[in-house]
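Each chain is listed here by its residues.
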Amino acid sequence: MAQDEIYSEHIPVLRDAFVGALFDDPDGYYVDCTFGRGGHSRQLLERLSADGRLLALDRDPDAVAAGEALAQCDPRFAIAHADFARLGEVLAEKGWDKVSAIGFDLGVSSPQVDQAERGFSFRQAGPLDMRMDVSSGQPLSRMLEHVSERELTDVLRRFGDERYAQRIARAILTALREQKLNSTADLENVCFHAVPKQARYGSTHPATRTFQALRIWVNGEMDQIDAGITAAIEHLRPGGRLAVISFHSGEDRRVRDLIEAHVHPCVCPPQMPLCVCGKKPTMRWLHKKPLRPDEQEVAVNPRSRSSMLRVAQRLSEEESVRLAGYVGGLQ
Ligand SMILES: C[S@@+](CC[C@H](N)C(=O)[O-])C[C@H]1O[C@@H](n2cnc3c(N)ncnc32)[C@H](O)[C@@H]1O
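Residues numbered from 1 in each chain as written. Predicted model: local features only at pLDDT ≥ 70, side-chain atom pairs only at ≥ 80, totals over all residues. Heavy atoms only, no water.

- The protein carries the name Ribosomal RNA small subunit methyltransferase H in an unreviewed UniProt entry, which gives Mariprofundus erugo as its organism.
- Its UniProt record gives the protein a comment under Catalytic activity (unreviewed entry), which states: "cytidine(1402) in 16S rRNA + S-adenosyl-L-methionine = N(4)-methylcytidine(1402) in 16S rRNA + S-adenosyl-L-homocysteine + H(+)". (UniProt positions renumbered as here; feature names shortened; annotations may be inferred.)

As C-alpha cells, then:
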C-alpha cells in the first residue's frame, strides 16, 4: 500500500483539538492507543522534535501494517500490535515509565467499517465477525451460538440503548435456530422486521444500535476502556495529559466516570467538613464538558457527528496533597 492510500482511508475526527490537547512538549514521549490509519499520530509527529517519541498501539493487524510502514520512514515512531488493556505491559517492554500524554480515539475506523468482509456494516453483506483483532477471540457467529435470549437482550440494552432489545434478541436467536442468519445482510433484515412498523423508517436505521451493541460485546470494549484508561492514568508524568474521543453516550459515560474517580476520589459523606478517607486526587479536568466537532467538520466528515472529546491532566504530588483533605475536592 502506498502511504497516500494508507492515510486517505480514515479522516481523523476532532484532529486539531485532540492533538492540541495532547501536545505540550516537542521532546516529549507520547502514546496513541488507537493508531487506526495514523491521522492523529502523523499530526502529532509533525509537532515533535528529533528527540520526541511516539508509540502507537492497535489491536487490528491491518492498522499495525499501516503503522509499520510509517515506522520505516520515521525513526521517532513505533507501533505495537496490542489491545490497550495491555498498555502497561507494552510500556514496560519499551522501557517507558511515565509519559507526556496518552490519547484514545475509541471505536472502529472507516477502513474497518468499509471492508464488508470484516462484518461491521449493515450496509454491505459480510460474515458475522466484527472482531477488530481477527487473530484472536471469537467472531459474532460463534458468540451467538452460546448466548441466551436474556443475555442478548441485556447486551443490546447496555451497549446499544436499544428500545426494542428483547424483540430483536428473540428474532436474532429464532433466525439462528432456523439457519436464516448467515451474514450481516441477514442480521440487518432481522432487526428491520423485529421492530414495530412505525420504527422502521426513522432517521436512524433500526439495525444501527444492534450492530453497535454487538460490536462492543464481541470486542469486550467496555472492559478495554476500564483497563486502558486506568493504565494510562498510572503512566502519565505530572502535568501529563489524557485525551479520549468517544462516539456514543455509554462509552462517554464510562470514560467520564473513570476519570472523575481520579479527580474526586474522596468517599467521605458530604456533611463532613474535612476529608478523613485519605484518598487523594490524581487528575484534574481540562475539558470536563466534552468538546464536539463544529458544523464544518461534520459536513466534511459525517462520521464525526457523534464524537465527544474529554481531556484531563495528571496532578503533581504537591497538587495532589494540596487538593486532598477537602470533601468532594475543590475543583
Ligand atoms: C477510530 S479508529 C482510530 C483512528 C485514528 N485516530 C486515525 O486518525 O486514523 C480506532 C482504532 O482503534 C483500534 N482499537 C479500538 N479498540 C482498541 C483496543 N481496545 N486496543 C487497541 N486498539 C483498539 C481499532 O482497531 C481502530 O483501528
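Brief notes about the overall build of the protein
- Helix and strand content of the protein: 15 helices and 7 strands.
- Since a compact globule built from 331 residues should have a radius of gyration of about 20 Å, the 21 Å found for the protein is in line with a globular shape.
- Principal-axis analysis of the C-alpha atoms places the extent of the protein at approximately 65 × 60 × 40 Å.
- Taken over 331 residues, the protein has a buried fraction of 52%.
- Pairs at least 24 apart in sequence give 69% of the contacts found in the protein among residues at least 6 apart.
- In the structure as shown, the protein presents an accessible area of about 15,700 Å², 49% of it carried by carbon and sulfur atoms.
- Averaging the coordinates of the 42 positive side-chain charges in the protein and doing the same for the 47 negative ones gives two points 7 Å apart. (Helix = DSSP H or I, 4+ residues; strand = E, 2+ residues; numbered from the N terminus. Rg over C-alpha atoms; globule rule 2.2 N^0.38 Å. Buried < 20%, exposed > 50% of the residue type's maximum accessible area, 1.4 Å probe, protein only. Contact = heavy atoms within 4.5 Å. Areas by Shrake-Rupley, 256 points an atom, 1.4 Å probe, with all protein chains shown as cover. Lys, Arg positive; Asp, Glu negative; His and termini not counted. Charge placed at Lys NZ, Arg CZ, Asp CG, Glu CD.)

Side note on the nonpolar core
- Core analysis: the biggest nonpolar cluster contains 65 residues, and F104, L187, W217, I229 and L242 have the highest contact counts within it.
- Of the residues that make up this core, three or more belong to each of domain 1 (3-110 + 221-323) and domain 2 (134-218).
- Aside from chain neighbours lying at most four places away, what touches L242 is I102, F104, I229, A232, I233, L236, I259, M283, R310, V311 and A312.
- Residues L44, L45, V64 and A66 belong to the second largest nonpolar core, which totals 24 residues. (Core = buried A, V, L, I, M, F, W, Y, C linked by side-chain atoms within 4.5 Å. Domains from an automatic or database assignment.)

Focus: the packing of aromatic side chains
- Within this structure, the stated rule accounts for 6 aromatic pairs.
- Aromatic side chains F35 and F77 sit 5.5 Å apart centroid to centroid with 40 degrees between the ring planes, which places their arrangement in the tilted category. You can see F35 sitting in the loop between β1 (29-32) and α3 (39-47) and its partner F77 sitting in strand β3 (residues 77-81), a full 42 residues away along the chain. Grouping residues by exposure puts F35 and F77 together as buried.
- Both rings, one in F192 and one in Y201, keep their centres 5.6 Å apart while their planes meet at 80 degrees; by these two values the pair is edge-to-face.
- By relative accessible area, Y201 is classed as exposed at 68%.
- The aromatic ring of F192 is capped on one face by R200, whose charged end is 5.4 Å from the ring centroid. (Phe/Tyr/Trp six-rings, centres within 6.5 Å; stacked < 30°, edge-to-face > 60°. Lys NZ or Arg CZ within 6 Å of the ring centre and 35° of its normal.)

A short note on the pattern of salt bridges
- Enumeration over the complete set of coordinates arrives at 18 salt bridges.
- One connected set of salt bridges, linked through shared partners, spans D60, D62 and R118. (Salt bridge = Lys/Arg side-chain N within 4 Å of Asp/Glu carboxyl O.)

Topic: helix α11 (residues 208-218)
- A large share of α11 lies buried, amounting to 8 of its 11 residues.
- Those residues of α11 lying buried are T210, F211, A213, L214, R215, I216, W217 and V218.
- For α11, the secondary structure elements touched by its buried residues are α7 (140-145), α8 (149-160), α9 (165-177), α10 (184-194), α12 (221-234) and α13 (249-263).
- Just beyond α11, the residue with positive phi is G220, at close to 55 degrees.

Considerations on unusual backbone geometry
- The phi torsion at M130 lies on the positive side, around 70 degrees, for a residue other than glycine.
- Mapped onto the fold, M130 is located in the loop between α6 (110-114) and α7.
- If you check the backbone angles, Q179 has positive phi at about 55 degrees while not being a glycine.
- Along the polypeptide, Q179 turns up in the loop between α9 and α10.
- Given a relative accessible area of 65%, Q179 falls into the exposed group.

Side note on the sheet that holds strand β4 (residues 99-105)
- The strand order across the open sheet formed by 7 strands is β3-β2-β1-β4-β5-β7-β6, and the pairing between neighbours is mixed. Every other strand in the sheet has two partners, leaving β3 and β6 (283-291) as the edge strands with one partner each. Within the sheet, the average angular offset between the axes of one strand and its neighbour, ignoring direction, is 15 degrees.
- In this structure, β6 lies alongside strand β7 (residues 308-314), joined through 5 bridges in antiparallel fashion. Bridge pairing in β7 links L291 to L309.
- Strand contacts of α3: β1, β2 (53-58), β3, β4 and β5 (236-246), with the helix running at about 175 degrees to β2, the strand carrying the most contacts. (Pairing = 2+ DSSP bridges. Axes fitted to C-alpha atoms, helices over the stretch in contact; angles between N-to-C directions.)

Details of the pairing of β1
- Judged from the 4 bridges that link them, β1 and β2 form a sheet pairing that is parallel. Pairing of D32 across the sheet is with A56, part of β2.
- Viewed along the sheet, the connection from β1 through α3 into β2 turns out right-handed. (Right-handed = clockwise from strand over helix to strand, strands pointing away.)

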